[in-house]
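Coordinate inspection notes
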Amino acid sequence: MRGKAQTLLYLVLLVSSLLPPHIEAETNRRYEAIFNFGDSLVDVGNLIVNGTPDFLATAKYPYGMTYFGKPTGRCSDGRLVIDFICQEFGIPLLPPSKAHNANFKQGANFAITGATALETEFFEKLGLGQVVWNSGALHTQIKWFQDLKPQICGTPEACKELFSRSLFILGEFGGNDYNAPLFANRKFKEVYAMMPHVMKSISDGIEKLIAEGAVDIVVPGVLPVGCFPVYLSLSVTMFKIKKGGFGSRSGCMKKFNTLAWVHNSLLRQTIAELRVKYPQARIIYADYYSAAIQFILHPEKYGFEKQIPRACCGAPGEGVYNFNMTAKCGEPGATACPDPSTHWSWDGIHLTEAAYGHIARGWLNGAFADPPIIPTESSSR
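Criteria and thresholds
- Residues numbered from 1 in each chain as written.
- Predicted model: local features only at pLDDT ≥ 70, side-chain atom pairs only at ≥ 80, totals over all residues.
- Heavy atoms only, no water.
- UniProt positions renumbered as here; feature names shortened; annotations may be inferred.
- Pairing = 2+ DSSP bridges.
- Helix = DSSP H or I, 4+ residues; strand = E, 2+ residues; numbered from the N terminus.
- Contact = heavy atoms within 4.5 Å.
- Axes fitted to C-alpha atoms, helices over the stretch in contact; angles between N-to-C directions.
- Core = buried A, V, L, I, M, F, W, Y, C linked by side-chain atoms within 4.5 Å.
- Buried < 20%, exposed > 50% of the residue type's maximum accessible area, 1.4 Å probe, protein only.
- Disulfide = S-S within 2.5 Å.
- 1 Å grid on protein atoms, 1.4 Å probe; cavity = no way out; pocket = protein on both sides within 12 Å on 5 of 7 lines; lining within 4 Å.
- Points joined across faces, edges and corners; volume = space filled by probe spheres on them.
- Nonpolar A, V, L, I, M, F, W, Y, C, P; charged D, E, K, R; others polar.
- Parallel < 35°, antiparallel > 145°, perpendicular 65-115°, else oblique.
- Expected span 1.5 Å × (residues − 1).
- Bend = angle between axes of the 7 residues up to and from the residue.

Going by what an unreviewed UniProt entry lists, the protein is known as GDSL esterase/lipase At5g45910-like and is assigned to Rhynchospora tenuis. A UniProt comment under Sequence similarities (unreviewed entry) is attached to the protein, and it reads "Belongs to the 'GDSL' lipolytic enzyme family."

Brief notes about the sheet that holds strand E8 (residues 369-370)
Ordered in space as E2-E1-E3-E4-E5-E8, the 6 strands form an open sheet in which the pairing is mixed. The outermost strands of the open sheet, each flanked by one partner alone, are strand E2 (107-109) and E8. Relative to strand E3 (residues 166-170), strand E1 (residues 33-37) runs parallel, the two sharing 5 bridges. Across the sheet, the residue bridging to isoleucine 34 is leucine 167, located in E3. Sitting on the sheet, helix H3 (residues 81-88) is in contact with E1, E2 and E3, with an inclination near 170° to E1.

Here's the deal with the nonpolar core
By size, the foremost hydrophobic cluster in this structure holds 110 residues, and its most contacted members are Phe35, Phe37, Ile85, Trp363 and Ile373. For this core, the element with the highest residue contribution is helix H8 (residues 188-212), accounting for 10 residues. Excluding anything up to four places from it in sequence, phenylalanine 37 contacts Val42, Phe110, Ala111, Gln141, Ile142, Phe145, Phe168, Ile169, Leu170, Gly171, Phe173 and Leu209. Counting 6 residues, the second largest nonpolar core, distinct from the first, contains Tyr63, Cys313, Cys329 and Trp346.

Examining the pairing of E3
Most of E3 sits out of view: 5 of its 5 residues are buried. The pairing of E3 with strand E4 (residues 216-220) spans 3 bridges and is classified as parallel. When the bridges of E4 are listed, phenylalanine 168 appears paired with isoleucine 217.

What to know about the state of the cysteines
Each disulfide consists of one covalent bond between the sulfur atoms belonging to two cysteines. Counted by the stated rule, this structure contains 4 disulfides. Cysteine 227 shares a disulfide with cysteine 252; S-S distance 2.1 Å. Because the sign of the S-S torsion sets the handedness, a value of about 110° for the bond joining cysteine 227 and cysteine 252 places this disulfide among the right-handed ones. With cysteine 227 in the loop between E4 and helix H9 (229-232) and cysteine 252 in the loop between H9 and helix H10 (254-277), the pair connects residues that are 25 residues apart, well separated along the chain. The class of cysteine 227 is buried, set by a relative accessible area of 0%. Here cysteine 252 falls in the buried class, since its relative accessible area comes to 2%. Shown here for the protein is a disulfide pattern of 1-2, 3-4, 5-8, 6-7, where each number marks a bonded cysteine counted in sequence order. Of all cysteine sulfurs in the structure, the one in cysteine 153 sits closest to cysteine 86, which takes part in no disulfide; the separation is 17 Å. On the basis of relative accessible area, cysteine 86 is assigned to the buried category, the value being 0%.

Topic: the layout of surface pockets
In this approach a probe as big as a water molecule rolls over the atoms, and the regions it shows empty are the leftover space. Computed from the structure, the largest pocket encloses a volume of approximately 1,000 Å³. Lining of the largest pocket is provided by 33 residues; of these, Trp133, Asn176, Asn179, Ile349 and His350 occupy positions nearest its centre. Taken together, the elements giving at least two residues each to the lining of the largest pocket come down to helix H7 (175-183) and H9. The greatest single-element share of the lining of the largest pocket, amounting to 5 residues, is contributed by H7. Grouping the constituent residues of the lining of the largest pocket by class yields 20 nonpolar, 8 polar and 5 charged.

Quick notes on the packing of helix H5 (residues 138-152) against helix H6 (residues 156-164)
The contact between H5 and H6 brings their axes to 10 Å, and the two run at 100°. One element, H5, and the other, H6, form an angle in the roughly perpendicular class. Contacts between H5 and H6 involve Phe145, Lys149 and Ile152 from the former and Cys159, Leu162 and Phe163 from the latter. By residue class, the composition of the contact of H5 with H6 is 5 nonpolar, no polar and 1 charged.

Some thoughts on H5
Taking 1.5 Å per residue as the helical rise, H5 with its 15 residues ought to reach 21 Å, and the 20 Å between its terminal C-alpha atoms agrees with that figure. At glutamine 146, H5 shows its maximal kink, close to 30°; a proline, proline 150, follows between one and four residues later. For H5, the set of buried residues is Leu138, His139, Gln141, Ile142, Trp144, Phe145, Leu148, Lys149 and Ile152. Residues of H5 that are buried in the fold lie against E1, E2, H6, E3 and H8.

This is how it looks when you write it as structure tokens:
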């Protein structure tokens, strides 16, 4: 008997040692499901669920090369922040909400590439209808969520119960809203004039989710767009940025990063007001901005090469950013760097799996979130 017990103990220890960290850490299984909303930063395939358009470079190799070994509709070389968060809590990677015959009992991802906080009609009234690609705005995605409820949880009572034990991630939203006037070369005052509308849309979205029964809601801010190769490659030809308009240490465009900083500041203020209004909810501000700045200023801390902002996957173009509008990642003429884990920028617009992994850990544990998704003793007081 003693020999059998020892053998059994050995097998248990062996199996435990082979389990992935997110399965082994059962204490982190605090959520029954995860529901995600957003744009191309977190789209896991909604845009291509009914077929891949020939023009869509993000659905072609080398997208997906690092983790999946093939394109999945994710705009990265591998996993996104939402994927790492699911794995942390032992939840299967979320299916796109538009997927056919999928199981949504443990959550769904409603994010879709091109999504904005504001509806298409808003942009059309500003004469920006031709430059915005809105495949599913924030409130459209929430409507998709509401329509999917019968497949998720059945009765209203069961839904309320499930949603109270689920994690909701709303965003980021706002980046594509500002892209529309910026790439149309509108004045910055027109972009700033959109911010109150963007904030109200996000705030209304949070309130809709709370009304559905959500308790834990993560609301990410926007990235420092002035550091991204897609913008930097146009810094002189389109945006007419002078030498003094770039950060001396980062090489990023100052006024573009100021725009993102103001958005994030207003978002934090909006969240603070909602926390007072809904004390039963736990609304978390998630910080993309600080993480990306850290990748640029202290790359060695994260395993990245020390260099000016430069896309891993792309082609030479204007400047030294390895971004070319006529040869974007996934298109003829573009190539990927040998090791994407040494870069934070994947295609000049989106981030690498390595960068998303660092951000996810910061959201979970508090380095890039307020409060952290996983509560600590101090954050839960």
